Each structure stands twice: as C-alpha cells, then as structure tokens.
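Listed below are the residues making up each chain.
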Amino acid sequence: MTISARTAGYAPVNGIDMYYEEHGVEGAVPPLVLLHGGAQTIDLSFGALLPALAANRRVIGVELQGHGHTADSDREMSLEVFADDVIALLDHLGVDRADLLGYSLGGLTALRAAVRAPERVNRLALLATHCRHDGYFPEISAPEQTSPRLPTEADFKAMVEAYARVAPDPTAFEATLAKLQPVAHGFTEWTDDELRAIAAPTLLVIGDTDFIRVEHAAFMHELIPSSRLAVLPDTTHMGVPGRTGLLLPILDAFLPVRS
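No experiment lies behind these values; they were computed from the predicted model shown.

1. Description of the overall build of the protein
Inference 1: Each helix and strand in the protein was counted, giving nine helices and eight strands.
Inference 2: Relative to the 2.2 N^0.38 estimate, which gives 18 Å for 259 residues, the radius of gyration of the protein is 17 Å and therefore close to what a compact globule would have.
Inference 3: Projecting the C-alpha coordinates of the protein onto the three principal axes gives extents of approximately 45 × 45 × 35 Å.
Inference 4: Within the protein, the fraction of its 259 residues that count as buried is 54%.
Inference 5: Considering only residue pairs separated by 6 or more positions, the protein has 74% of its internal contacts joining residues 24 or more positions apart.
Inference 6: As presented, the protein carries roughly 10800 Å² of accessible surface, and 53% of it is formed by carbon and sulfur atoms.

Set out below in structure tokens:
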C-alpha cells in the first residue's frame, strides 16, 4: 500500500536533513510519531496501520538517518543519535510532547528517547522491541540462519525494493545495513532503574514467533511501571505491524484521541 502524505518535508536536525511526513487531523494533540524498523521506510513499516491511525489523529512519520528518503552521513549511527534526532524534529515542528510508536529499531529509538527526554514523551508504544541482548532467541544470530523466526526472502526483497524506490542513493542498501548491525546488536542495555523510571504509559507488543522471547517481554512489563503487554498469535517479528485486525484495537485503546 502506498500512502499519500498530507505534507512531507525535510528538517535540519543535528547536521542531517531528516525526512518526515504528516498525516491526519490538524491540531489533534498529542501527535503520534511513527518510528520504522531497521532498513525499512515509513510505508513499509506502517503502511497497513497508517490510514486508520491518521483517521482522527495527527501522525508524524519519520525516516531515520540512512533510511528511506533520509540520506546517510558521516555521523555514527546509534540509538542515542537517532533518539536525539527525533527530539530535535519535535523541536523543529514546535511539538512539546508526543506519543511515540516504534517498531523494532524504531522501538529501540523510542525507548531511548523516553529515557533521555521523558518530558517529551506522552505515551510509548513499542512493537517487537527488547531492552537487553539476551532478549533475542540465540538462533536469531546463529551462523546457519535457518530459524522460522527470521525474515523470509520475500521480507528482505520488500526492504530492498522500498529502499530503492526513495533513497537518495538506491545502491547504498547493503552499506547502510552493515552500519546498522552494531546499532541493533551492540547497543548499551537499559538498566533496571532506567526502566523503572519510565513514567509514560507504555504498551509492549510482540509476536508469538518473534525474535524476542516472551519471557523477556514479560520482564520488561514487570519493570516498566505503567505498562501493558500483548502477544499476537501466529505472528513473526516482521509480521507484527501488519497484523492490523489484532493490533489496531489495541492501539486505539492505548492511544486515546483528544483535540
């Protein structure tokens, strides 16, 4: 599905020009910020969800450094850098507080933003997101790469094609993917105290065939004070944001609309 943005542009943040789109209802507060998965775009991560989410909300889709329309740069890639870019975008748009909905890498970025700038985060929805390296099943990084939990050839093809459609350098996908590996697999883990200090109401959603162990999601749920946990049946890591029939009622209940 291709989504037509209500407005789209680039924001100068921290030395890069970050692409963003705005959809939905003008003036609806707080806005909902969408943060895509690793090596994905706004449309690939959220195309199935966006029409319903934007029906009565102001929705801001973001493409992080080296993703989609946003060019890579000589800056390092890290969760801290990505989170600071998101906060700088809110400053650029004059948004004091926002709901954050992050998927996978976007969820890690949203979680980092909630810890670094808690006063800017109203509600936090984390799809297929972990907080410790042992949150993943060991088979996800096994050399044989045969686990049914891993992306399929069709999943990978969709990522390559989505990147090629909009990237400033369509040939840079593999190089960008290589830069992302240490971000996704070598990040600084959150401490128990950092998770306990999250004041924003938090939604955790994983698939039952996710990269992430159900026990790990339950561990996060126990530590984050105002959190709730949903496990989607018959759902892989790549499939979580596409399970609209299950996911939209959960998101609608968690993200109340006010204007």
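And the narrative resumes.
2. Side note on the sheet that holds strand 8 (residues 227-236)
Inference 1: With respect to topology, eight strands assemble into an open sheet ordered 1-2-4-3-5-6-7-8, the strand pairing being mixed. A single partner strand is all that each edge strand has here, and the edge strands are strand 1 (7-13) and strand 8. Put simply, the sheet's adjacent strands are angled 20° from each other on average, direction ignored.
Inference 2: The strands that helix 3 (residues 79-93) touches are strand 1, strand 2 (16-24), strand 3 (32-35), strand 4 (58-63) and strand 5 (98-103); relative to strand 2, the one it contacts most, it runs at about 65°.

3. Considerations on the side chain of R149
Inference 1: Assignment of secondary structure puts R149 in the loop between strand 6 (121-127) and helix 5 (153-166).
Inference 2: Note on R149: relative accessible area 15%, which makes it buried.
Inference 3: There is a polar contact of 2.9 Å between the side chain of R149 and the backbone oxygen of D210.

4. Examining the pairing of strand 1
Inference 1: Sheet topology places strand 1 next to strand 2; seven bridges connect them, and they run antiparallel. Each residue of the ladder has a partner; that of V13, found in strand 2, is I16.
Inference 2: Hairpin connection between strand 1 and strand 2: a loop of two residues separates the two successive antiparallel strands, and N14 in this loop has a positive phi of roughly 50°.

5. Some points on helix 6 (residues 173-185)
Inference 1: Over its 13 residues, helix 6 runs 18 Å from end to end, which matches the ideal 18 Å to within 8%, given 1.5 Å per residue.
Inference 2: Of the positions making up helix 6, those classed as buried are F173, T176, L177, L180 and V183.
Inference 3: Packed against the buried residues of helix 6 are helix 3, helix 4 (105-116) and helix 5.

6. What to know about the environment of D210
Inference 1: Take D210: it is sitting in the loop between strand 7 (202-209) and helix 8 (214-223).
Inference 2: Residue class for D210 comes out buried when judged on its relative accessible area of 0%.
Inference 3: Distance from D210 to S73, taken between C-alpha atoms, is 31 Å for residues 137 residues apart in sequence.
Inference 4: Contacts of D210, omitting those with residues within four sequence positions, involve A128, F137, R149, T235, T236, H237 and V240.
Inference 5: Within the structure, D210 has its side chain in polar contact with the backbone nitrogen of G207 (distance 2.9 Å).

7. Some thoughts on the UniProt feature "domain: AB hydrolase-1" (unreviewed entry) in the protein
Inference 1: According to UniProt, the positions carrying the feature "domain: AB hydrolase-1" (unreviewed entry) are residues 30-239.
Inference 2: Between the first and last C-alpha atoms of residues 30-239 the distance is 27 Å; the span itself is 37% helix and 20% strand.

8. A look at the environment of D99
Inference 1: For D99, the position within the fold is in strand 5.
Inference 2: The class for D99 is buried, based on a relative accessible area of 4%.
Inference 3: Spatially, the C-alpha atom of D99 lies 13 Å from that of A54, the residues being 45 residues apart in sequence.
Inference 4: With sequence-adjacent residues up to four places away left out, D99 is seen in contact with P30, P31, L32, V33, N122, R123 and L255.

9. Remarks on the packing of helix 3 against helix 4
Inference 1: At a minimum axis separation of 8 Å, helix 3 and helix 4 run at an interaxial angle of 70°. Regarding the angle of helix 3 to helix 4, the classification is roughly perpendicular. Here L79, E80, F82, A83, D84, V86 and I87 of helix 3 lie close against helix 4, whose contacting residues are L105, L108, T109, R112, A113 and R116.
Inference 2: Split by residue class, the contact of helix 3 with helix 4 holds eight nonpolar, one polar and four charged.

The rules behind each value
Residues numbered from 1 in each chain as written. Predicted model: local features only at pLDDT ≥ 70, side-chain atom pairs only at ≥ 80, totals over all residues. Heavy atoms only, no water. Helix = DSSP H or I, 4+ residues; strand = E, 2+ residues; numbered from the N terminus. Rg over C-alpha atoms; globule rule 2.2 N^0.38 Å. Buried < 20%, exposed > 50% of the residue type's maximum accessible area, 1.4 Å probe, protein only. Contact = heavy atoms within 4.5 Å. Areas by Shrake-Rupley, 256 points an atom, 1.4 Å probe, with all protein chains shown as cover. Pairing = 2+ DSSP bridges. Axes fitted to C-alpha atoms, helices over the stretch in contact; angles between N-to-C directions. Polar contact = N/O pair within 3.5 Å; in protein donor to acceptor, adjacent residues only side chain to side chain. Expected span 1.5 Å × (residues − 1). UniProt positions renumbered as here; feature names shortened; annotations may be inferred. Parallel < 35°, antiparallel > 145°, perpendicular 65-115°, else oblique. Nonpolar A, V, L, I, M, F, W, Y, C, P; charged D, E, K, R; others polar.

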